[in-house]
Amino acid sequence: MAPKAVDSILDLIGNTPMVKLQKVVTKTGADIYAKLEYLNPSGSYKDRIAFEMIRSAESEGKLKPGYTIVEASTGNTGTALSFVGTRLGYNVEIYIPEGMTRERIKIMESYGAKVHEMKIEGLDSKGSVAGAEVEFIPRQKCLDLERSNPKIWWARQFSNSANWRAHLVTGNEILEQMNGKVDAFVASIGVGGTLYGVAKALKAKIPKCKVIGLEPASARYAISSGVLSPPGISKEISGGIIEEMMESGLIDEVVKVTNEDAIKTSDRLVREEGFFCGISAGANVYYSMKVAESLGKGKRVVTVLPDHRDRYLSEKKYTT
Ligand SMILES: Cc1ncc(COP(=O)(O)O)c(C=O)c1O
């Protein structure tokens, strides 16, 4: 049945499809199901949090007509805020670490945002799988801007509880789509909103469900290395959701996945399954296969394909 007509593109955020993997699986392992989050309107699950963070800020009186939304982002949250923020009539300015792909900037600008590239000392030229750790300098910039102008609102995805609250909905969608039968959930961690929100929703209904977080093996500041931020970084620009999530006891395991395994698996997802997804989707499915193998037949592993491959196409590794 075709979905009913809606009034706004914003009504199409979430409710993404769930598909059972057919080829990128292990012969003797559990079934793996992938939630196609790259099919959100701006191409990633960050649409969910952009909408929730903006609506919450409006209802708390922190964001008003005529204001400018700012955020530090390596790509997807910036894109999602550009999409949702401009649709709702706000100015949007995104502070992005230098070295991200051109298409990420072009996508944000296409939605009408202003993008500021910032130089990050010590970031290697191939650092495109960079996560939260390269965002500290852009975050400091957002904090300074917000302090200097009362008409600027900084979304603060890394500490804003509206981030993980948006993913309670993702978790509830998973429960509905899987008829309440999920043995494990696997997802990569950036600022932690997805894993924490989904974990809360799943464990409330299925306490035995295993929840596993993944980090890039290349990340210097990570849960698995025990150091979340460089020395001297203030609480205002670090920590937040990740710390709360780890204290919650809801996360069973955090493991590292290499960029190589993530990229190889994402290539397989495109070629063998037809999912036009990004790198972290590869990490998620790579480790889901390991979990599937350890759980065995008859069990179900659920994961997410966070973003669309359109934002990585000019990366060299995708053309070889
Ligand atoms: C492509 C991609 N995968 C995974 C993540 C991790 O999601 P979260 O920030 O909710 O932990 C992010 C965001 O940081 C992302 O952009």
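Within any chain, residue numbers begin from 1 and follow the written order of that chain's sequence. Reporting in this predicted model follows two pLDDT cut-offs: at least 70 for local features of residues, and 80 or more for side-chain atom pairs to be given and counted; totals over whole chains, interfaces and linings ignore these cut-offs and use all residues. To get the side-chain values, take all heavy atoms of the structure and skip hydrogens and water.

(A) Expanded view of the site of the ligand. Summary of the distance rule: residues count as near a molecule or strand when at least one heavy atom falls within 4 Å of that molecule or strand. Taken together, the neighbourhood of the ligand is formed by 14 residues, with Lys46, Gly190, Gly192, Thr194 and Ser280 sitting nearest. The term polar contact refers here to a pair of N or O atoms within 3.5 Å; inside protein, the definition further demands a hydrogen-donor-capable atom paired with an acceptor-capable atom, and it admits residues adjacent in sequence only when both atoms are side-chain atoms. Between the ligand and Tyr45, the relevant distance is 2.9 Å, taken from an oxygen atom to a side-chain nitrogen or oxygen of the residue. Gly190 places a main-chain nitrogen or oxygen 2.7 Å from an oxygen atom of the ligand. Amino acids are sorted into nonpolar (Ala, Val, Leu, Ile, Met, Phe, Trp, Tyr, Cys and Pro), charged (Asp, Glu, Lys and Arg) and polar (every other residue, Gly among them). Here the residues of the shell around the ligand are counted per class, giving five nonpolar, seven polar and two charged.

(B) Region of interest: the sheet that holds strand E7 (residues 184-188). Following DSSP output, two strands are said to pair if at least two bridges run between them. To qualify as a helix, a DSSP run of H or I must reach at least 4 residues; to qualify as a strand, a run of E must reach at least 2; elements of each kind are numbered from the N terminus. Pairing is mixed in the open sheet, where six strands are placed in the order E1-E2-E10-E7-E8-E9. Only two strands of the sheet have a single neighbouring strand rather than two, namely strand E1 (18-20) and strand E9 (253-257). In this sheet, neighbouring strand axes are inclined to one another by 25 degrees on average, regardless of whether the strands run parallel or antiparallel. Here E1 runs beside strand E2 (residues 31-35); their pairing, made up of three bridges, is antiparallel. Paired with Lys20 across the bridge in E2 is Tyr33. Interaxial angle, 0 to 180 degrees, is taken between N-to-C directions of lines fitted to C-alpha atoms, where a helix line uses only the stretch in contact.

(C) A look at the packing of aromatic side chains. Aromatic pairs are defined between Phe, Tyr and Trp rings, using the six-membered ring for Trp, whenever the two ring centres lie within 6.5 Å; interplanar angles under 30 degrees are classed as stacked, those over 60 as edge-to-face, and all others as tilted. Inspection of every chain in the model, using the stated rule, returns three aromatic pairs. Summarising the aromatic geometry, the rings of Phe83 and Tyr111 are spaced 5.4 Å apart at their centres and angled 45 degrees between planes, so their arrangement reads as tilted. Residue Phe83 is found in helix H2 (residues 76-87), and its partner Tyr111 is found in helix H3 (residues 102-111); the two are separated by 28 residues along the sequence. Accessibility here uses a 1.4 Å probe with only protein chains present; expressed as a share of the type maximum, an area under 20% marks a residue as buried, one over 50% as exposed, and anything in between as partly exposed. Since its relative accessible area comes to 3%, Phe83 is described here as buried. Tyr111 gets classed as partly exposed once you look at its relative accessible area, which sits at 25%. Its end group placed over the ring of Phe158, Arg139 keeps NZ or CZ at 4.0 Å from the ring centre. Note on criteria: charge over ring means Lys NZ or Arg CZ within 6 Å of the ring centre, with the direction from the centre no more than 35 degrees off the ring normal. In this structure, Lys200 packs its charged tip against the face of Trp164, placed 4.6 Å from the ring centre.

(D) Expanded view of the side chain of Asn284. Positionally, Asn284 belongs in helix H9 (residues 279-295). A polar side-chain atom of Asn284 sits 2.8 Å from the main-chain carbonyl oxygen of Val304. The residues touching Asn284, leaving out its near neighbours within four places in the chain, are Val186, Ala187, Ser188, Leu214, Thr303, Val304 and Pro306. By the convention used here, residues are in contact when the closest approach between their heavy atoms is within 4.5 Å.

(E) Representation of the domain arrangement of the protein in the model. Along its sequence, the protein is organised into domain 1 (9-39 + 161-318) and domain 2 (46-154). As used throughout, domain bounds are those supplied by an automatic or database domain assignment. The distance between the C-alpha centroids of domain 1 and domain 2 comes to 22 Å. In this complex, domain 1 contributes 39 residues to the contact, which on the side of domain 2 involves 31 residues. Buried area adds together the accessible area that both of two parts lose upon being put together, with accessible area traced by a 1.4 Å probe. Buried surface at the junction of domain 1 and domain 2, both sides included, amounts to about 2700 Å², of which 58% is carbon and sulfur. If you sort the residues of domain 1 by the area they bury against domain 2, Leu10, Ile237 and Arg311 come out on top, with a joint share of 25%. The term salt bridge refers to a pairing of a side-chain nitrogen on Lys or Arg with a carboxyl oxygen on Asp or Glu at a separation within 4 Å. A salt bridge links Arg104 to Glu315, with the nearest nitrogen and oxygen atoms 3.5 Å apart. Considering every element that reaches the side of domain 1 that touches domain 2, the biggest residue donor is helix H5 (residues 161-177), with eight residues.

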